[in-house]
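Residue strings, one per chain:
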Amino acid sequence: QVQLVESGGGLVQSGGSLRLSCAASGRTFSNYGMGWFRQAPGKEREFVAAINWSGFSTPYYADSVKGRFTISRDNAKNTVYLQMNTLKPEDTAVYYCAKHRSYFVTVQPADYDSWGQGTQVTVSS
């Protein structure tokens, strides 16, 4: 079982940037697709971005973050990143990284079988 630990969240002003990291334990990290999801208070968990096992295929992004967020991974470091630029107050949420059941990716949370504990991102207006 892969264990995931997110870091890099915090408080930032609107228009600012943050970089989230997700460190994975286990030797099989590079075999699986990885995703980022977020959950705001009173809302369902929603898809943000995902990247396949190699990182060489075009990542997937939610329309709400396309052009502002970039997902990447470093399999040598067992880490996946989410660079978030031009942040907006509506980006405020707890951000979770997750491991997909397979080497590719989908946008459904049910297709991911390991989750981190989450990191809070708060964007002030």
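First, a word on what this report is: a plain description of the structure on this page. (Residues numbered from 1 in each chain as written. Predicted model: local features only at pLDDT ≥ 70, side-chain atom pairs only at ≥ 80, totals over all residues. Heavy atoms only, no water.)

Focus on the pairing of strand E5 (residues 46-51)
Applicable threshold: Under the scheme applied here, a residue whose accessible area is under 20% of the maximum for its type counts as buried, over 50% as exposed, and between as partly exposed, the area being computed with a 1.4 Å probe on protein chains only. Strands are runs of DSSP state E lasting at least 2 residues, helices are runs of H or I lasting at least 4, and numbering of each runs from the N terminus. Only strands that DSSP links by at least two bridges are regarded as paired with each other.
Extensive coverage of E5 is indicated by the burial of 5 of its 6 residues. Both E5 and strand E6 (residues 60-61) contribute to a ladder of 2 bridges, which runs antiparallel. The residue of E6 that forms the bridge with Ala50 is Tyr60.

Overview of the nonpolar core
The condition that has to hold: Residue types Ala, Val, Leu, Ile, Met, Phe, Trp, Tyr and Cys, when buried and joined through side-chain atoms within 4.5 Å, form a set referred to as a nonpolar core. Contact between two residues is taken to exist if any of their heavy atoms lie within 4.5 Å; hydrogens are not considered.
Ranked by internal contacts, the top residues of the largest apolar core, which has 34 residues, are Trp36, Leu82, Met84 and Tyr95. Contributing elements (two or more residues each) for this core: strand E3 (18-24), strand E4 (34-39), E5, strand E7 (69-74), strand E8 (79-84), strand E9 (93-100) and strand E11 (119-124). Excluding anything up to four places from it in sequence, Leu82 contacts Leu18, Arg19, Leu20, Trp36, Val48, Ala49, Phe69, Thr70, Ile71 and Tyr95.

A closer look at the packing of aromatic side chains
Test applied: Think of it this way: a Phe, Tyr or Trp ring, Trp meaning its six-membered ring, pairs with another when their centres are within 6.5 Å, and the plane angle makes it stacked under 30 degrees, edge-to-face over 60, tilted otherwise.
Counted according to the given criterion, the structure contains 6 aromatic pairs. Relative to Tyr112, the ring of Phe37 has its centre 5.0 Å away and its plane inclined at 80 degrees; by these criteria the two rings are edge-to-face. Taken together, the positions of Phe37 in strand E4 and Tyr112 in strand E10 (residues 112-115) put the pair 75 residues apart, joining distant regions of the chain. The same class applies to Phe37 and to Tyr112, which are both buried. In this structure an aromatic cluster arises from ring pairing among Phe37, Phe47, Tyr96, Tyr112 and Trp115.

Focus: the sheet that holds E7
Here is the rule we go by: To obtain an axis, a line is fitted to C-alpha atoms, over the contacting stretch when the element is a helix, and the angle between two such axes runs from 0 to 180 degrees between their N-to-C directions.
The sheet built from 4 strands is open, its strands ordered E1-E3-E8-E7 with antiparallel pairing. Whereas interior strands pair on both sides, the edge strands pair on one side only; in this sheet they are strand E1 (4-7) and E7. When the angles between neighbouring strand axes are averaged without regard to direction, this sheet yields 15 degrees.

Some thoughts on the pattern of salt bridges
Rules: Salt bridge, as used here, is a side-chain nitrogen of Lys or Arg placed within 4 Å of a carboxyl oxygen of Asp or Glu.
If you walk through the whole model with that rule in mind, you get 5 salt bridges. The salt bridge involving Arg68 is made with Asp91; its shortest N-O contact spans 2.8 Å. Of the two residues, Arg68 is situated in the loop between E6 and E7 and Asp91 in the loop between E8 and E9; the sequence distance between them amounts to 23 residues. Overall, Arg68 belongs to the buried group, its relative accessible area being 9%. Taking the shortest distance from any N to any O, the salt bridge between Lys99 and Asp113 comes out at 2.9 Å. One end of the pair, Lys99, is in strand E9; the other, Asp113, is in strand E10, with 14 residues separating them in the sequence. Linked through salt bridges whose partners overlap, the residues forming this network are Arg38, Glu46, Arg68 and Asp91.

Notes on the state of the cysteines
Our working definition: Counting rule for disulfides: a pair of cysteine sulfur atoms within 2.5 Å.
Summed over the entire model, instances satisfying the criterion amount to 1 disulfide. One disulfide bridge connects Cys22 with Cys97, the sulfur atoms lying 1.9 Å from each other. Its S-S torsion of approximately 45 degrees makes the covalent link between Cys22 and Cys97 right-handed. Of this pair, Cys22 sits in strand E3 while Cys97 sits in strand E9, and the two are 75 residues apart along the sequence. Summarising the burial analysis for this pair, Cys22 and Cys97 share the class buried.

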